[in-house]
Amino acid sequence: MNPRIPDPRTARRRYATVCALFWLPVGAAIAPKVLLLTERGFALATITAFVAAHSLTAAALELPTGGLSDVLGRRPVLAAAGVLDLAALALIGLGTTALPVALGSVLLGAGRALSTGPAEAWYVDTVQAKEGPGAELRTGLARGSAASSAALAVGTLIGGGLPWLLGLGPNPGAWLAEATAGYVVPLAVPMLLGVLIELGFIAYVLLALPEPPHPRATLSGVLRGIPATVLDGLRPAGRDATVRRVLLSAGAAGAALFTLELLTPGRAAALTGAPESGAVVFAGLACAGYVCSGVGSHLAPLTARRAGGGERAVLVGLAAGALGLLLLGATAAFTGPAATLLAVAGYGLVYLGLGAAGPNENELLHRRVGREGRATALSVQSLALQLTGAAAGLTIGALPAGPLPWLVGGITLLAGALLWTGSMGGRSQKEPAGPRNEPAGSQKEPAPHPGSAKARAE
């Protein structure tokens, strides 16, 4: 066994750090992105098209890049994702016309596809290499999810507060915009800060994520290995009802998250009357949401114990999230303190529920998928999220303002929760000790393979 492979406790810490570094620049872009594009003259329909371009690119590349990660390695694919995200943030932050923003959206989608799975697959590979296929995974997965949520919360506060701070006092934001011919406006600064964070992410991935030894990859070997690996990753969805539920639930969560991403910034700006102050309000709200997500992720093991198993915990989490979105829809047509408080409570409930459901879903997935197809299975999961989210986003863009757009995400997430009611009867809640498609003892020492994975922190 490679002596550089870390012990499970160190692996948990490194996995959480990678998750935090990956999602911190994403969080910094969340609050100002829609408002920045609106300030630069793009209509909501055009912004929706940019989001769809990101999602469809990620969806188109999910399976090939998942196979690439299983064949080539977790670390190089994850580092490549950081490079693409770096370029995408620079293009979107500086772009004043449709072409660079569209290109940045496409690169962001490609980076998202590359990042889906490698970090999580690296963590599971590492722990199972030390402790075997029966190793406890849920705690580490929950910590990674909580670290992602914390990074998104901090990043969102930075992304919402920094443009506002640049407008105070002598107004350095105005000076910055004038000095750069309008390319670097206050709302763009958080994205450019994200470029610097991406450099740190790439360096950490290359230095801190050693992998079990595998044969040296060649171009011909990679090209031959990807199709077979993709097929191996797809097979569990066809023969395992629990895997199918996990994938369909990911799609429902995608619709919920895209609904929040598209509709909340405009609602915050309408509440305050200005884009910069709207960004501050949205940043605070998003930060609270990510804190709720982190709390939900931290409580995922407890939720599973209290609910009677991982499947029941997923049902409870998704149902809570659906209730939150329905509250947001019900209050969309009203103003006043009561409606605002209910909307804020609904927003937090969505993230709390999804945070509790996520680690339990992935624990169920990893128990049923083997090492050689783990990243591909995570890519299929992300593909379901991206495709459903893109479809929900395009639907929302075509609907009139009011409660109806919010109900798209709420009803879809409720349908995802109801999927798990069919798993409650007629079977034990005891989860299997290891992946179904690997022979007993096959993971005491992972067999060398030409592959690795692709990371996802969601």
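Residues numbered from 1 in each chain as written. Predicted model: local features only at pLDDT ≥ 70, side-chain atom pairs only at ≥ 80, totals over all residues. Heavy atoms only, no water.

1. A look at the pattern of salt bridges
Rule in force here: Each salt bridge in this description consists of a side-chain nitrogen of Lys or Arg and a carboxyl oxygen of Asp or Glu lying within 4 Å of one another. To qualify as a helix, a DSSP run of H or I must reach at least 4 residues; to qualify as a strand, a run of E must reach at least 2; elements of each kind are numbered from the N terminus. Under the scheme applied here, a residue whose accessible area is under 20% of the maximum for its type counts as buried, over 50% as exposed, and between as partly exposed, the area being computed with a 1.4 Å probe on protein chains only.
Enumeration according to the criterion identifies two salt bridges in this entry. A salt bridge links Arg 74 to Asp 125; the nearest nitrogen and oxygen atoms lie 2.6 Å apart. Placement of Arg 74 in helix α3 (residues 74-94) and of Asp 125 in helix α5 (residues 118-131) is noted, with a sequence separation of 51 residues between them. Side by side, Arg 74 and Asp 125 carry an identical accessibility label, which is buried. Close ionic contact of Glu 363 with Arg 367 constitutes a salt bridge, the shortest N to O distance being 3.2 Å. Residues Glu 363 and Arg 367 agree in their burial class; the two are buried.

2. Side note on a nonpolar patch on the surface
Applicable threshold: Only residues whose relative accessible area exceeds 30% and that form no salt bridge enter a patch; like-charged residues are grouped when within 9 Å of one another, and nonpolar side chains (Val, Leu, Ile, Met, Phe, Trp, Tyr) when within 5 Å. What sets the accessible areas is the Shrake-Rupley method with a 1.4 Å probe; for residues, cover comes only from the shown protein chains.
On the surface, Val 291, Val 295, Leu 299, Leu 302 and Leu 352 cluster together to form a nonpolar patch covering roughly 340 Å² of accessible area. Its location among the elements puts Val 295 in helix α11 (residues 275-298). With relative accessibility at 38%, the residue Val 295 sits in the partly exposed group.

3. Side note on the packing of aromatic side chains
Selection rule: Ring geometry is summarised as follows: Phe, Tyr and Trp rings, the Trp one being its six-membered ring, pair when their centres sit within 6.5 Å, and such pairs are stacked at plane angles under 30 degrees, edge-to-face over 60 and tilted between the two.
Summed over all chains, the structure comprises six aromatic pairs. Measuring from centroid to centroid gives 5.3 Å for Tyr 347 and Tyr 351, while their planes differ by 50°, and the two rings are tilted. Remark: Tyr 351 and Tyr 347 occur in helix α14 (residues 337-366); sequence separation between them is four residues, near one turn of the helix. Among the aromatic residues, those joined into a cluster by ring pairs are Phe 22, Trp 23 and Phe 201.

4. Here we look at the confidence of the model for the protein
When pLDDT is low, close inspection of the predicted coordinates is not appropriate. Operational definition: Per residue, pLDDT measures the predictor's confidence, with a range of 0 to 100. The contact criterion used throughout is that any non-hydrogen atoms of two residues lie within 4.5 Å.
In the predicted model, the protein carries a mean pLDDT of 80, and the fraction of residues at 70 or more is 81%. Model confidence for the protein, summarised as mean pLDDT per element, is weakest for helix α9 (residues 219-239) at 64 and strongest for helix α8 (residues 189-208) at 94. Every residue in residues 426-458 is under pLDDT 50, and counting partners more than four places away or in other chains gives 131 contacts.

5. As for the environment of Tyr 290
Looking at the element boundaries, Tyr 290 is found in helix α11. Taking relative accessible area as the criterion, Tyr 290 reaches 9% and is therefore assigned buried. Among all residues touching Tyr 290, those that are not within four sequence positions of it are Ile 30, Ser 149, Leu 152, Ala 153, Thr 156 and Tyr 351.

6. Comments concerning α8
Quick reminder of the rule: Expected span of a helix: the number of residues minus one, times 1.5 Å.
Between its terminal C-alpha atoms α8 stretches 29 Å, which fits the 28 Å expected from 20 residues at 1.5 Å a residue. Turning to α8, its buried residues number three or more, namely Val 189, Pro 190, Met 191, Gly 194, Val 195, Ile 197, Glu 198, Phe 201, Ile 202, Val 205 and Ala 208.

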